[in-house]
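Okay, here's what each chain looks like letter by letter:
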Amino acid sequence: RVAAIEAAVKDIGVKEVEEATAVYLASIKMLRQIMVASGQCKKPKDSDWQKILGPVMELGGKAQKACDNRSDYFQNQKAMAEAMNIVTFCVGTAPGPHVQNVL
């Protein structure tokens, strides 16, 4: 599935869109790793979340810095940077129905 997205973005041939998509896909891969680990690990201590989500925050910072409002593709860059917030849903507490609505 990711290969189809990468191929479509490559066909567009726009560097800014390729970079933004690469960052977004990296965040989705991180989310997958967190979800896989959640089936095998205990809930982390509150003090551990910074270490666990450090790479996600670093990637988010990179995505936000790449948003250049002078670019014709600023909206694409910003949308991908904001979409990365999906990764943080796993650290919040919410009732089941809310989680289902978000997904």
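Quantities reported herein were computed from a predicted structural model and do not represent experimental measurements.

1. Brief notes about the overall build of the chain
Across its full length, the chain carries five helices and zero strands. Reading the chain from its N end, one meets helices and strands in the order α-α-α-α-α. Seen through its C-alpha atoms, the chain measures out along the principal axes to roughly 45 × 25 × 25 Å. Within the chain, buried positions represent 22% of all 103 residues. Put simply, 61% of the contacts in the chain that link residues at least 6 apart link residues at least 24 apart. For the chain, the accessible surface area stands at approximately 7,700 Å², while carbon and sulfur atoms represent 55% of it. Charge separation in the chain, taken as the distance between the mean sites of 13 positive and 11 negative side-chain charges, equals 9 Å.

2. Considering the confidence of the model for the chain
Counting all residues, the mean pLDDT for the chain is 85, and 94% of those residues have values of 70 or more. Least confident of the elements in the chain is helix 5 (residues 96-102), whose mean pLDDT is 71; most confident is helix 1 (residues 2-12), at 92.

3. A short note on the side chain of Ser27
With respect to the secondary-structure elements, Ser27 resides in helix 2 (residues 15-38). Residue classification places Ser27 among the buried residues on the basis of a relative accessible area of 0%. When residues no more than four places from it in sequence are discounted, the contact partners of Ser27 are Leu59, Met84 and Val87.

4. Re the nonpolar core
Val23, Leu53, Val56, Leu59, Ala63, Met84 and Val87 are the most contacted members of the largest nonpolar core, which totals 13 residues. For this core, the secondary-structure elements that each account for two or more residues are helix 2 and helix 3 (49-65). Apart from residues no more than four positions distant in its own chain, Leu59 is found in contact with Val23, Ala26, Ser27, Met30 and Met84.

5. Looking at the packing of helix 2 against helix 4 (residues 74-83)
Look at helix 2 against helix 4: their axes get within 9 Å of each other, and the N-to-C directions meet at 5 degrees. As judged from the angle between their axes, helix 2 and helix 4 are roughly parallel. Within the contact between the two elements, helix 2 uses Glu16, Val17, Ala20, Thr21 and Tyr24 and helix 4 uses Asn76, Gln77, Met80 and Ala83. Its residues assigned to classes, the contact of helix 2 with helix 4 shows five nonpolar, three polar and one charged.

6. Digging into the side chain of Ser71
Mapped onto the elements, Ser71 comes out in the loop between helix 3 and helix 4. Within the structure, the side chain of Ser71 is placed 2.9 Å from the backbone nitrogen of Tyr73, a separation counted as a polar contact. Sequence-distant contacts of Ser71, that is, excluding residues within four places in its chain, are made with Glu16 and Gln77.

Conventions used here
- Residues numbered from 1 in each chain as written.
- Predicted model: local features only at pLDDT ≥ 70, side-chain atom pairs only at ≥ 80, totals over all residues.
- Heavy atoms only, no water.
- Helix = DSSP H or I, 4+ residues; strand = E, 2+ residues; numbered from the N terminus.
- Buried < 20%, exposed > 50% of the residue type's maximum accessible area, 1.4 Å probe, protein only.
- Contact = heavy atoms within 4.5 Å.
- Areas by Shrake-Rupley, 256 points an atom, 1.4 Å probe, with all protein chains shown as cover.
- Lys, Arg positive; Asp, Glu negative; His and termini not counted.
- Charge placed at Lys NZ, Arg CZ, Asp CG, Glu CD.
- pLDDT = per-residue confidence, 0-100.
- Core = buried A, V, L, I, M, F, W, Y, C linked by side-chain atoms within 4.5 Å.
- Axes fitted to C-alpha atoms, helices over the stretch in contact; angles between N-to-C directions.
- Parallel < 35°, antiparallel > 145°, perpendicular 65-115°, else oblique.
- Nonpolar A, V, L, I, M, F, W, Y, C, P; charged D, E, K, R; others polar.
- Polar contact = N/O pair within 3.5 Å; in protein donor to acceptor, adjacent residues only side chain to side chain.

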